[in-house]
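# Survey of secondary and tertiary structure
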Amino acid sequence: IIAKTFSKKPEILLMPELVFSIIKLSLNVLFANIGAVSSIIILMVSMILGTICGYVVLFSILFLLDNIKNDIVFDKKNTKLMSRVVYALVAQPGPLQLYDIVCALVGGIVWIDAFLIAVVALFVAVIVLAVKVCFDKAISMKDELDLTI
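Small disclaimer: the values here were computed from a predicted structure and weren't measured. (Residues numbered from 1 in each chain as written. Predicted model: local features only at pLDDT ≥ 70, side-chain atom pairs only at ≥ 80, totals over all residues. Heavy atoms only, no water.)

Within the structure shown, the criterion is met by 2 salt bridges. Among the ionic pairs, D75 bridges to K77, the shortest N-O distance being 4.0 Å. Residue classification places K77 among the partly exposed residues on the basis of a relative accessible area of 46%. Put simply, D136 and K132 hold a salt bridge, and the shortest N to O gap is 3.0 Å. Here D136 and its partner K132 are both found in helix α6 (residues 113-147), 4 residues apart, which amounts to about one turn of the helix. (Salt bridge = Lys/Arg side-chain N within 4 Å of Asp/Glu carboxyl O. Buried < 20%, exposed > 50% of the residue type's maximum accessible area, 1.4 Å probe, protein only. Helix = DSSP H or I, 4+ residues; strand = E, 2+ residues; numbered from the N terminus.)

Moving on: the nonpolar core. If you look at the biggest cluster of nonpolar residues, it comprises 13 residues, and the most contacted ones within it are V57, L64, M82, V85, A88, L89 and V128. Those elements that place two or more of their residues in this core are α3 (36-69), α4 (76-91) and α6. Among the elements that take part in this core, α4 stands out by supplying 6 residues, more than any other. The residues touching V128, leaving out its near neighbours within four places in the chain, are M82, V85 and V86. (Core = buried A, V, L, I, M, F, W, Y, C linked by side-chain atoms within 4.5 Å. Contact = heavy atoms within 4.5 Å.)

Here α4 spans 23 Å end to end across 16 residues, near enough to the 22 Å set by a 1.5 Å rise per residue. Within the sequence span of α4, burial applies to N78, T79, L81, M82, S83, V85, V86, A88 and L89. (Expected span 1.5 Å × (residues − 1).)

A separate point is a nonpolar patch on the surface. On the surface, I41, V45, I48, L49, I52 and V56 cluster together into a nonpolar patch covering about 510 Å² of accessible area. Tracing the chain through its elements places L49 in helix α3. (Patch = residues over 30% accessible without salt bridge, like charges linked within 9 Å, V, L, I, M, F, W, Y side chains within 5 Å. Areas by Shrake-Rupley, 256 points an atom, 1.4 Å probe, with all protein chains shown as cover.)

The next subject is unusual backbone geometry. We note that D71 has phi near 60°; this positive angle belongs to a residue other than glycine. Among the secondary structure elements, D71 is positioned in the loop between α3 and α4. For D71, a relative accessible area of 69% gives the class exposed.

Here's what the structure looks like:
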């Protein structure tokens, strides 16, 4: 019946609701065995991966503050630490968003706040990246001034 409908009306494939419902139906069939326990396991793995990224951010900032306390401000080590912070902040929302997408399509438990965490993490990553670029420029200017008499 579906093949006859598609062969008679190919424009029906352009309807996003129908395409989304077909994808959802096929994912429901594919992940039919995912129950509440599996959903919680997926959530916990996503949270653990997000927590690892959080610890990378935390320890990088602690090392950065320790360098600043020791009067090592404009140094390549600090820009490497800022790069680690940016990478971790960009990677952190990935597992949670992947979990939410799978659960939304399959019909599992969706954690709505994961989207808010993702937006905030990406916004902070942009700010840290801007500060890192400023530090890189200041380091190159400092190196040029050190070469002058």
